[in-house]
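Architecture and fold: a report
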Amino acid sequence: MIMNDIKLAVMGTEGVGKSALIVRFLTRRFIGEYASSTECIYRKRMSIDGRQLNLELYDPCSQPCEGKSNLNEQIHWADGFVVVYDISDRSSFLTATAIVHLIRETHLGVAKRDRDTDSVIFLVGNKQDLCHVREVDREEGQRLASECRCQFYELSAAEHYQEVVLMFSKIVRNASLGGKAKDRRRRPSGSKSMAKLINNVFGKRRKSV
Ligand SMILES: Nc1nc2c(ncn2[C@@H]2O[C@H](COP(=O)(O)OP(=O)(O)OP(=O)(O)O)[C@@H](O)[C@H]2O)c(=O)[nH]1
């Protein structure tokens, strides 16, 4: 059986809930605070439509978008992109907007057809549970997504499980269908096993904000 490797980058500014979404997907749990000083790759073996996939999820544990070269590196590495912002933080939406544009610019050059990139960029407004302090309207997210031809979700890593799993499953499926034999450049460094992920989540704490 052919084993596909799917590489997903989860991007967005600091504190939007990238790790929370990944941990939700991988462990079903929501953990409030994480040690997040290092970037890492999580691996998961999945079965989609009866096909076995090796999923690699890159969590940059970002410092706010400081390195464009690093961002470019992520963009070249990945088959799919989950670009996350926090609906209660407008500046995170501005960062997400810049990231989505950068992905599209970078991938337009290499995609055979424009639509090749459409289904592998997902824009996610996280922290939907904080809608009482919302700073970004759902419509703004939708507009950006349709302008940049991304798929759009509003989610809450804190309160949703099924939706988060569905979102990741869908982008993995889309990325696997894209199936382009990509030029695998330098991969982001750092790799964590599931055991290490659990350690990271339960073992260490970050300062509360
Ligand atoms: N209310 C609410 N809080 C959330 C949600 N998702 C994450 N958080 C909180 O937001 C903070 C940041 O979450 P992280 O998952 O560490 O965010 P991150 O994007 O990985 O941040 P960095 O690793 O610093 O880049 C934590 O305090 C989480 O508990 C959510 O859906 N709702």
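Notes on the structure follow. Note that residues are indexed from 1 along each chain, following the sequence as it is written. The model is predicted, so local features are restricted to residues of pLDDT at least 70 and side-chain atom pairs to those at 80 or more, both for listing and for counting; the totals for chains, interfaces and linings are taken over all residues. Side-chain metrics in this entry use all non-hydrogen atoms of the structure; hydrogen atoms and water are not considered.

**A word on the nonpolar core**
Definition of nonpolar core: a set of buried residues of the types Ala, Val, Leu, Ile, Met, Phe, Trp, Tyr and Cys, connected through side-chain atoms within 4.5 Å. The buried label goes to any residue with under 20% of its type's maximum accessible area, the exposed label to any with over 50%, and the partly exposed label to all in between, with areas taken from a 1.4 Å probe on protein chains only. If you look at the biggest cluster of nonpolar residues, it comprises 31 residues, and the most contacted ones within it are Phe25, Leu57 and Phe168. Numbering of helices and strands runs from the N terminus; a helix is a DSSP stretch of H or I covering at least four residues, while a strand is a stretch of E covering at least two. For this core, the secondary-structure elements that each account for two or more residues are strand 1 (4–11), helix 1 (18–27), strand 2 (40–48), strand 3 (51–59), strand 4 (80–86), strand 5 (121–126) and helix 6 (162–178). Ranked by the residues each element gives to this core, the list is headed by helix 6, at seven residues. The contact partners of Phe168, leaving out residues within four places of it in the chain, are Leu8, Val10, Leu21, Ile22, Phe25, Leu57 and Val82. Membership of the second largest hydrophobic core comes to 26 residues, among which are Phe81, Leu102, Ile103 and Cys148. Contacts are assigned to residue pairs that have any heavy atoms within 4.5 Å of one another.

**Side note on the pairing of strand 3**
One face of the sheet, then the other: side chains in a regular strand alternate in exactly this way. Any two strands with at least two DSSP bridges between them are considered paired. Pairing between strand 1 and strand 3: six bridges, direction parallel. Bridge assignment links Asp5 to a residue of strand 3, and that residue is Asn54. Strand direction decides the pairing type here: strand 2 and strand 3, joined by nine bridges, are antiparallel. What sits directly across from Ser47, in strand 3, is Gln52. Where strand 2 hands over to strand 3, the hairpin turn is made up of two residues, of which Asp49 adopts a positive phi near 50°.

**Brief notes about the side chain of Gln74**
Here Gln74 shows up in helix 2 (residues 68–77). Relative accessible area serves as the criterion here: at 4%, Gln74 is assigned to the buried category. Other than its neighbours up to four places away in sequence, Gln74 contacts Met11, Tyr58, Pro60 and Phe81.

**Focus: helix 5 (residues 138–147)**
Looking at helix 5, one finds that the buried residues are Glu140, Gly141, Leu144 and Ala145. Buried residues along helix 5 cover an arc of 135° about the axis, so they all sit on one side. For helix 5, exposure combined with an orientation more than 90 degrees from the buried face picks out Ser146 and Glu147. The first or second residue beyond helix 5 is Arg149, which carries a positive phi of 50°. The arc in question is the one spanned by the directions pointing from the helix axis to the C-beta atoms.

**Quick look at the sheet that holds strand 1**
An order of 2-3-1-4-5-6 is seen for the six strands of this open sheet, with the pairing classed as mixed. Both edges of this open sheet fall to strand 2 and strand 6 (151–154), since each of them pairs with a single strand only. For this sheet, the mean inter-axis angle between neighbouring strands, taken without regard to orientation, is 20°. Axes here mean lines fitted to C-alpha atoms, for a helix over just the part in contact, with angles spanning 0 to 180 degrees between N-to-C directions. Contacting strand 1, strand 2, strand 3, strand 4 and strand 5, helix 1 crosses the sheet at an angle of about 155° to strand 3. On the sheet, helix 5 packs against strand 4, strand 5 and strand 6 and is oriented at approximately 160° with respect to strand 6.

**As for helix 1**
In terms of burial, helix 1 is largely enclosed, as ten of its ten residues are buried. Taken residue by residue, helix 1 has Lys18, Ser19, Ala20, Leu21, Ile22, Val23, Arg24, Phe25, Leu26 and Thr27 as its buried positions. One or two steps after helix 1, the chain reaches Arg28, where phi turns positive at roughly 70°.

**So, the packing of helix 1 against helix 6**
Close contact between helix 1 and helix 6 brings their axes to 9 Å; oriented N to C, the two are set at 90°. The angle between helix 1 and helix 6 places the two elements in the roughly perpendicular class. Side by side, helix 1 and helix 6 meet where Leu21, Ile22, Arg24 and Phe25 of the first sit next to Val164, Val165 and Phe168 of the second. Three residue categories are used. Nonpolar comprises Ala, Val, Leu, Ile, Met, Phe, Trp, Tyr, Cys and Pro, charged comprises Asp, Glu, Lys and Arg, and polar comprises the others, including Gly. Its residues assigned to classes, the contact of helix 1 with helix 6 shows six nonpolar, no polar and one charged. Relative orientations are named as follows: roughly parallel for angles under 35 degrees, roughly antiparallel for angles over 145 degrees, roughly perpendicular for angles from 65 to 115 degrees, and oblique for any other angle.

**Considering the pattern of salt bridges**
Salt bridges are counted wherever a side-chain nitrogen of Lys or Arg sits within 4 Å of a carboxyl oxygen of Asp or Glu. The full count for this structure, using the stated rule, is seven salt bridges. The shortest N-O distance in the salt bridge between Glu140 and Arg90 comes to 2.8 Å. Of this pair, Glu140 sits in helix 5 while Arg90 sits in helix 3 (residues 90–110), and the two are 50 residues apart along the sequence. A salt bridge links Glu154 to Arg134; the nearest nitrogen and oxygen atoms lie 2.8 Å apart. Residue Glu154 is located in strand 6, and its partner Arg134 is located in the loop between strand 5 and helix 5; the two are separated by 20 residues in the primary sequence. A relative accessible area of 7% places Glu154 in the buried class. A single network of salt bridges, built from pairs that share partners, joins Lys7, Arg43 and Glu56.

These values are about where atoms sit, not about what they do.
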